[in-house]
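This is what each chain is made of:
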Amino acid sequence: MDEWVSPVYAFFDPTPHIVEIDGRRAHKFKCCAKACKASIHRFLDKKDARSTSNMHKHIKSCWGKEILSAADEAKDANKVHTKIVGRKGKLTYSHHQHTWAETKVEIVRWVSESLRLFEVVKDQGFQLLMKMGRPEYYLPLPSTVSHC
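Quick look at the structure, then. (Residues numbered from 1 in each chain as written. Predicted model: local features only at pLDDT ≥ 70, side-chain atom pairs only at ≥ 80, totals over all residues. Heavy atoms only, no water.)

All right, on to the environment of threonine 103 then. By the secondary structure assignment, threonine 103 is in helix α4 (residues 100–113). With 36 residues separating them along the chain, threonine 103 and leucine 139 place their C-alpha atoms 7.3 Å apart. The residues contacting threonine 103, other than those within four sequence positions of it, are His98, Tyr137, Tyr138 and Pro140. (Helix = DSSP H or I, 4+ residues; strand = E, 2+ residues; numbered from the N terminus. Contact = heavy atoms within 4.5 Å.)

By size, the foremost hydrophobic cluster in this structure holds 17 residues, and its most contacted members are Tyr9, Phe11, Phe12, Phe29, Met55 and Ile59. At the level of secondary structure, the elements contributing two or more residues to this core comprise α1 (53–62) and α2 (65–74). Among the elements that line this core, the one with the most residues is α2, at three residues. Beyond its immediate stretch of four places on either side in the chain, methionine 55 contacts Val8, Tyr9, Phe12, Phe29, Ile40 and Arg42. Formed by eight residues, the second largest nonpolar core is a distinct cluster that contains Ile107, Val108, Leu139 and Val145. (Core = buried A, V, L, I, M, F, W, Y, C linked by side-chain atoms within 4.5 Å. Buried < 20%, exposed > 50% of the residue type's maximum accessible area, 1.4 Å probe, protein only.)

So, about the packing of aromatic side chains. Scanning all chains against the criterion turns up three aromatic pairs. Taking 5.9 Å as the distance between ring centres and 50 degrees as the angle between the ring planes, the aromatic pair formed by tyrosine 9 and phenylalanine 29 counts as tilted. With tyrosine 9 in the segment before β1 (17–21) and phenylalanine 29 in strand β2 (residues 24–30), this residue pair connects regions lying 20 residues apart in the sequence. Exposure class is identical for tyrosine 9 and phenylalanine 29. Each is buried. For the pair phenylalanine 11 and tryptophan 63, a centre-to-centre distance of 4.9 Å together with 70 degrees between the ring planes defines the contact as edge-to-face. In this pair, phenylalanine 11 sits in the segment before β1 while tryptophan 63 sits in the loop between α1 and α2, placing the two residues 52 residues apart along the sequence. Note on phenylalanine 11: relative accessible area 0%, which makes it buried. Ring-pair connections join several aromatic residues into one group, and the members of that group are Tyr9, Phe12 and Phe29. (Phe/Tyr/Trp six-rings, centres within 6.5 Å; stacked < 30°, edge-to-face > 60°.)

We now examine the pairing of strand β3 (residues 39–43). Burial along β3 is one-sided: the residues Ile40 and Arg42 are buried and none of Ser39, His41 and Phe43 is. With five bridges connecting them, β2 and β3 associate as antiparallel partners. In the sheet register, histidine 27 faces β3, and the bridge partner there is arginine 42. (Pairing = 2+ DSSP bridges.)

With that settled, the discussion passes to α1. Given 3.6 residues to a turn, an α-helix orients residues that are three or four positions apart in the same direction. Among all positions in α1, only Met55, His58 and Ile59 are buried. Each buried residue of α1 lies within a common arc of 100 degrees when the element is viewed along its axis, so the set occupies one face. The exposed set on the far side of α1, more than 90 degrees from its buried face, consists of Lys57 and Ser61. Packed against the buried residues of α1 are β2, β3 and α2. (Arc of directions from axis to C-beta.)

In structure tokens, the structure reads:
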């Protein structure tokens, strides 16, 4: 595991399970995304036992192209894990609606930490989720988010 330094490993549990499938041993890497149940199997009896191509494909479909590109640029699994994949500290939720300023701050933080495009605030699905039950809820413009 010491030689597993590729940034793609940061998107999977740090210790893979060793499983047997049809009499063949494989490493089973579980994706770290909260809602993802996918695992990638790497068979140990193949020439390409160290290949990360299937991991790349999964990250691209699960996390997105932009995140994968940012991870590849980082070139270090530890940096990717702390900067992109995981947050430090316990996640807490509030039952109070944010003010305009708090909304702007939280969206800017989310967009920048997730390495998302500022245009995501114009996305119909994003707006639907944010305004569910609160159609008057304030959402900043992409230009506002990009200038904070």
